[in-house]
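Chains, contacts and geometry: an overview
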Amino acid sequence: MKKIVVLLLIIFNLVICQTFTDISAGLTGVDFSSAEWGDYDNDGDLDILLTGEFKTSGRITKIYKNDNGSFIDINANIQSIQSGCARWGDYDNDGDLDILIIGSHYDGSWIYFSKIYRNDAGIFTDIEADLPDRYVGCGAWGDYDNDGDLDILLTGYHEGIKHSQIFKNDNGIFSDANAELIGAYESSVAWGDYDNDGDLDILLTGNGTPGRISKIYRNDNGVFTDINAGLTGVSDGSTDWGDYDNDGDLDILLTGNSGTSRVSIIYQNNSGVFTDISANLTGVWDSTADWGDFDNDGDLDILLAGYTESSTRISKIYRNDSGSFTDIYAGLPGVNLCSASWGDYDNDGDLDFLLTGMTSSPERIAKIYNNNIMTSNSIPTAPSNLSSNVNNNDVTLSWDKTMDNETPQDGLSYNLYLRIMNASGFYKGPESDVVNGYRKVVSKGNVGQVDSYTIKNLQEGCRYFWSMQAIDNAYAGSNFSEEQSFIVGIITDSLTNPLAVTATDILSRSFTASWNTVPDANGYYLDVALDSNFTEFAPNYQNFNVDNFPAINISNLNSNTEYYYRVRAYNHAWTSGNSNIISVTTDPLSTPVADSPYFIRETWFRAKWFSSDALGYKIDVARDILFTDYVAGYQNKDVGNTLYHDITDLATDKTYFYRIRAYDSIGTTSENSNIISVTTDPLSTPVA
């Protein structure tokens, strides 16, 4: 009987180990590392931001693009760092994920960095944010002042001083908010609304003054107060908010070095009082820990790695069974100086994870583990009964809590987007796809677990649109609710329709559209179409925003074609009706003028010609002026949109003829140009 029990335990453990499979992603292995999932390119799957030391005195910061489960280094031009952190966040509310990095680099001496990189269609640019440089610190994005944009919590060490600071975001300019926080390094930080009062509080650990600290700071309208929570002070660890018991408030997962031991503690939040639940997790330092519902049973499990009390490296997954945490013996390589992050990279409805760090081999790793469980997560239903209450320049938004098949109602969080009418981007961005609800980051919603939220200091005279989605414990987002609107301040009466006027500067592929200005307009939308009913629009000219200008040059059109245009005025409260319609016919495609060649050599010459406002050009080269004997490869040769082309592989001392035709995007071709004759150079006489 005993043998049967042992055999069953072995089989059970083997099955559990097979829950997660290393996909051999080919990522660069790192320690002193930070790794985070995020959909930077808005293609609907999670990419990777990775930093750390990949060899002695060798550091990286890489972005790996997820291409159907294959991860490709995009060679982003981002400062390489170690011993810090890297975080995704849309600080400029333009709908794509930017980057915050904090860390150090060795180049003959240690150099410290705190940088923000703006994402412009996948190109990352250092905005030179003038943040103070920090070492062995951490950072986190969060909208602490409820003004709609992401601020920064930044900790670390510099020139013998420990720092913990909040930097307020004002239209992309970051300034010290002068919050009175204890400075810390070898630190970890997290934003979270532990008291459900609608603003972000702070969880901060590290080497502080005096000694190791673990602090909770309550946010009272931007003033931060230490609540003396009685948490075990740690350094070289990790912190994470998460509602493990689904009772509607944030609990704490905390790891690190307490000075006398290595700890991994869960603190239960009971109306703002935090109690160690004695979860019996293995204590670790040089560590990482992350909440996530890997088994899709609706509660938060734990991914944890680091150095134990006995100097053993571990990586463990603890399953949450009604608040009791059980090691599933996942068979993972133990690591320290590490990072671990849940994320559904393959969009199959379960949480996979990314694990980095130093193994006992020793070997630096960065591995993706695929979750092979058979039960997929379903997304929550969208929140309902949305309402708004405007009070001067503030608005309080409310909604009914919703339901999910896995996560209990009180365990759900909520995610808001807010935009101003006829303004680009968001006023408060959701870091989600507003069309289908897909989450671009792996986190709870941006307004927490409450059912109301106040946005402050809104711009007057504007109409705002907003919606809400629910987020479950597998970090999957519902669809957004039907969009709602409200008005702040007094708005103007509806705008009058613009008066479009006759086009000018008409060429074969362009013309200038013009209209009269409208009082109180902030800008104009333009339509250009091939029919007067506006069912077939010219490429890129449907609802084209021309900003506050009364004219624009319309380009890349077809020659000898009739077009129609109309205009609408807008401000941040209204969009006018359509203007009158103007028709305009582009000129026929003009014939290019061929010119004498630039260079003439023994076996080649460079043909050239003058522009005719064409999409491109075709060239003929022949041995006779009637063009009956073409040079091989040079009959109707498409040379693209250039004004010269090298004609090669010719005979020496031979006369050739060339002519040019212009063409446009629908295949219309101009008449032939004039003909140019050219004689290649004779074979040069060698010099003995």
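Quick note: structure is the one above.
Residues numbered from 1 in each chain as written. Predicted model: local features only at pLDDT ≥ 70, side-chain atom pairs only at ≥ 80, totals over all residues. Heavy atoms only, no water.

1. Things to note about the nonpolar core
Applicable threshold: The criterion is simple. A nonpolar core is a set of buried Ala, Val, Leu, Ile, Met, Phe, Trp, Tyr and Cys residues joined through side-chain atoms within 4.5 Å. Buried means the residue's accessible area, taken with a 1.4 Å probe over protein chains only, is under 20% of the maximum for its type, while exposed means over 50%, and partly exposed covers the values in between. Put simply, DSSP marks the helices as runs of H or I at least four residues long and the strands as runs of E at least two long, and each gets a number from the N terminus on. Any two residues whose heavy atoms approach within 4.5 Å are treated as being in contact.
Counting residues in each nonpolar core, the largest one holds 33 residues, and the members touching the most others are Ile266, Trp291, Ile302, Ile317, Phe325 and Phe353. Listing elements by their share of this core, those giving two or more residues are strand S22 (285–292), strand S23 (301–307), strand S24 (313–321), strand S26 (336–343), strand S27 (352–358) and strand S28 (364–371). The element contributing the most residues to this core is S23, with four residues. Setting aside anything within four residues of it in sequence, one finds Ile317 in contact with Phe20, Phe294, Ile302, Leu303, Thr326, Asp327, Ile328, Ala330, Leu332, Trp342 and Phe353. Counting 29 residues, the second-largest nonpolar core is a separate cluster that includes Cys85, Ala129, Leu153 and Leu204.

2. Some details on the sheet that holds strand S38 (residues 544–545)
As a reminder, the rule being used: At least two bridges found by DSSP between two strands are what make those strands a pair.
Taken in spatial order, the four strands of this open sheet run S38-S37-S40-S41, and their pairing is antiparallel. The sheet is open, and its two edges are formed by S38 and strand S41 (582–585), each paired on a single side. Pairing analysis gives seven bridges linking strand S37 (residues 523–529) to strand S40 (residues 562–570), with the strands arranged antiparallel. Paired with Gly523 across the two strands is Tyr570, which belongs to S40.

3. A word on the pairing of strand S19 (residues 251–257)
Extensive coverage of S19 is indicated by the burial of seven of its seven residues. In S19, alternate side chains face the same way, and those of Asp251, Leu253, Thr255 and Asn257 on one face and Ile252, Leu254 and Gly256 on the other are all buried. The loop that links S19 with its antiparallel partner strand S20 (residues 262–270) comprises four residues; one of these, Gly259, has a positive phi angle of about 100 degrees.

4. Some thoughts on the sheet that holds strand S16 (residues 211–220)
Applicable threshold: Angular values range over 0 to 180 degrees, each being the angle between N-to-C directions of two axes fitted as lines to C-alpha atoms, with helices fitted over their stretch in contact.
The sheet built from four strands is open, its strands ordered S14-S15-S16-S17 with antiparallel pairing. Strand pairing shows two members of the sheet lacking a second neighbour, strand S14 (185–192) and strand S17 (223–226), which therefore form its edges. Averaged over all adjacent pairs, the angle separating strand axes in this sheet is 25 degrees, with direction ignored. In terms of strand pairing, strand S15 (residues 201–208) meets S16 through seven bridges, oriented antiparallel. When the bridges of S16 are listed, Asn207 appears paired with Arg212.

5. Focus: the pattern of salt bridges
Rules: Salt bridges are defined as contacts in which a side-chain nitrogen from Lys or Arg sits within 4 Å of a carboxyl oxygen from Asp or Glu.
In this structure the tally under the stated criterion is 26 salt bridges. Two residues, Asp22 and Lys367, come together in a salt bridge whose shortest N-O distance is 3.0 Å. Of the two residues, Asp22 sits in strand S1 (residues 20–22) while Lys367 sits in strand S28, which places them 345 residues apart along the sequence. By relative accessible area, which is 28% here, Asp22 ends up partly exposed. Note that Lys168 and Asp147 form a salt bridge whose closest N and O atoms lie 3.3 Å from each other. Of the two residues, Lys168 sits in strand S12 (residues 161–170) while Asp147 sits in the loop between strand S10 (135–142) and strand S11 (151–158), which places them 21 residues apart along the sequence.

6. A short note on the environment of Ser80
By the secondary structure assignment, Ser80 is in the loop between strand S5 (70–73) and strand S6 (82–89). Look at Ser80 and you get buried, because its relative accessible area is 14%. Put simply, Ser80 and Met468 are 388 residues apart on the chain and 37 Å apart in space, counted from C-alpha to C-alpha. Once residues lying within four places of it in the same chain are set aside, the contact partners of Ser80 are Arg59, Ile60, Thr61, Ser104 and His105.

7. Describing unusual backbone geometry
Residues apart from glycine generally show negative phi values, whereas peptide bonds are mostly found in trans. Geometrically, the link from Thr209 to Pro210 is a cis peptide bond, its omega value of -5 degrees lying close to zero. Mapped onto the fold, Pro210 is located in the loop between S15 and S16. A cis amide bond links Ser361 with the next residue in sequence, Pro362, at an omega value of 0 degrees. The residue Pro362 is located in the loop between S27 and S28 in this model. The backbone of Asn171 shows a phi angle near 55 degrees, a positive value even though the residue is not glycine.

8. Re the environment of Glu431
As a reminder of what qualifies: N or O atoms within 3.5 Å of each other form a polar contact, as long as, within protein, one can give a hydrogen and the other can take it, and as long as residues adjacent in sequence are counted only when both atoms are side-chain atoms.
Here Glu431 shows up in the loop between strand S31 (413–420) and strand S32 (452–455). Note on Glu431: relative accessible area 18%, which makes it buried. In sequence terms Glu431 and Asp400 are 31 residues apart; their C-alpha atoms lie 22 Å from each other. Apart from the residues lying within four places of it in its own chain, the contact partners of Glu431 are Gly89, Asp90, Leu97, Leu150, Arg439, Lys440 and Val441. Within the structure, Glu431 has its side chain in polar contact with the backbone nitrogen of Asp90 (distance 2.9 Å).

9. Remarks on the side chain of Arg659
Examined against the element boundaries, Arg659 turns out to sit in strand S47 (residues 655–663). Side chain to side chain, Arg659 and Asp620 meet in a polar contact 2.9 Å long. In this structure Arg659 touches Lys618, Ile619, Asp620, Phe627, Tyr630, Asn672, Ser673, Asn674 and Ile675, once residues within four positions along its chain are discounted.

10. Examining the packing of aromatic side chains
Under the convention used in this document: Ring pairs shown here join Phe, Tyr and Trp side chains whose ring centres sit within 6.5 Å, with only the six-membered ring taken for Trp; geometry is labelled stacked below 30 degrees between planes, edge-to-face above 60, and tilted in between.
Applying the stated criterion across every chain yields a total of 46 aromatic pairs. Their ring planes at 55 degrees and their centres at 6.3 Å tell us that Trp88 and Phe124 sit as a pair that is tilted. Here Trp88, found in strand S6, pairs with Phe124, found in strand S9 (residues 123–126); they are 36 residues apart in sequence, far enough to count as distant. Under the relative-accessibility criterion, Trp88 is labelled buried at 5%. We classify Phe124 as buried; its relative accessible area is 7%. Arranged with centres 5.8 Å apart and planes meeting at 90 degrees, the rings of Tyr427 and Tyr464 form a pair that is edge-to-face. Residue Tyr427 is found in the loop between S31 and S32, and its partner Tyr464 is found in strand S33 (residues 462–471); the two are separated by 37 residues along the sequence. With relative accessibility at 0%, the residue Tyr464 sits in the buried group.

Such coordinate-based values are descriptive only and should not be taken to indicate function.
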